[in-house]
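Coordinate inspection notes
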Amino acid sequence: KAVCKGDVEHAQAFDPADHRNIFEAVRSTCGVHALNVAAAGGLRDALVQAGTRVLESMTGLEACDLASALGWLFKELGRYAEARRLLERALEGRERELGPDDFDTLAALGNLSSVAKEQGKLTEARRLRERVLAARERTLGPDHEATLTSVHNLAAVLSSQGKYWR
């Protein structure tokens, strides 16, 4: 997330002359936006490559955490097949290690639902969101903040399906 928020235009140089020279060079060549895109893209690609290599040697909940983070990054990059593969790995590991109703397991289900929705697999996204909501109502109660967030997330999928009455 931090890499995605990098903004060259708001970077600081300690010497005012350096600041002026750097920003004038950026503005007169590629422009601030293009540099932001290039810098963030290069850093994201490097993170994906490094994270994927590290993940190959990991197991347990740490592997689930990294798979989830990488999966979300792939989702943000629009690389949904890779995101799905990693998020499914995170979900399977969390279900095995923590159980199906654990808070982190349910978050992993929600992440997978987000990818399904982005892929246009709205029936699957809805089914996953319904599972999350049922488990949160059962474990946390109907008025808990996480349960209400699950209601909102399910409503978003239903809205995407055109099922506004639901």
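Conventions we followed
- Residues numbered from 1 in each chain as written.
- Predicted model: local features only at pLDDT ≥ 70, side-chain atom pairs only at ≥ 80, totals over all residues.
- Heavy atoms only, no water.
- Phe/Tyr/Trp six-rings, centres within 6.5 Å; stacked < 30°, edge-to-face > 60°.
- Lys NZ or Arg CZ within 6 Å of the ring centre and 35° of its normal.
- Salt bridge = Lys/Arg side-chain N within 4 Å of Asp/Glu carboxyl O.
- Helix = DSSP H or I, 4+ residues; strand = E, 2+ residues; numbered from the N terminus.
- Buried < 20%, exposed > 50% of the residue type's maximum accessible area, 1.4 Å probe, protein only.
- Expected span 1.5 Å × (residues − 1).
- Contact = heavy atoms within 4.5 Å.
- Polar contact = N/O pair within 3.5 Å; in protein donor to acceptor, adjacent residues only side chain to side chain.

This structure, assessed with the given rule, holds zero aromatic pairs. Positioned above the aromatic ring of tryptophan 72 is the side chain of lysine 75, whose terminal nitrogen or guanidinium carbon lies 4.6 Å from the ring centre. A cation sits over an aromatic face here: arginine 136 above phenylalanine 103, 4.6 Å from the ring centre.

Under the counting rule described, the total for this entry stands at eight salt bridges. With a closest N to O distance of 3.1 Å, glutamate 95 and arginine 131 form a salt bridge. Of the two residues, glutamate 95 is situated in helix α4 (residues 80-98) and arginine 131 in helix α6 (residues 122-140); the sequence distance between them amounts to 36 residues. For glutamate 95, a relative accessible area of 28% corresponds to the partly exposed category. Classification of arginine 131 by relative accessible area gives partly exposed; the value is 37%. Across the pair arginine 138 and aspartate 101 runs a salt bridge, and its minimum N-O distance is 2.8 Å. With arginine 138 in helix α6 and aspartate 101 in the loop between α4 and α5 (103-118), this residue pair connects regions lying 37 residues apart in the sequence. A single salt-bridge network, built from bridges that share partners, covers Arg84, Glu88 and Glu124.

The end-to-end C-alpha distance of α5 is 23 Å, a good match for the 22 Å that 16 residues give at a rise of 1.5 Å each. Of the positions making up α5, those classed as buried are Thr105, Leu106, Ala108, Leu109, Gly110, Asn111, Leu112, Ser113, Ser114, Val115 and Ala116. Among the structural elements, α3 (60-76), α4 and α6 are those in contact with the buried residues of α5. Its side-chain oxygen 2.8 Å from the backbone nitrogen of aspartate 104, aspartate 102 forms the N-cap of α5. One or two residues past the end of α5 sits glycine 120, with phi positive at roughly 85°.

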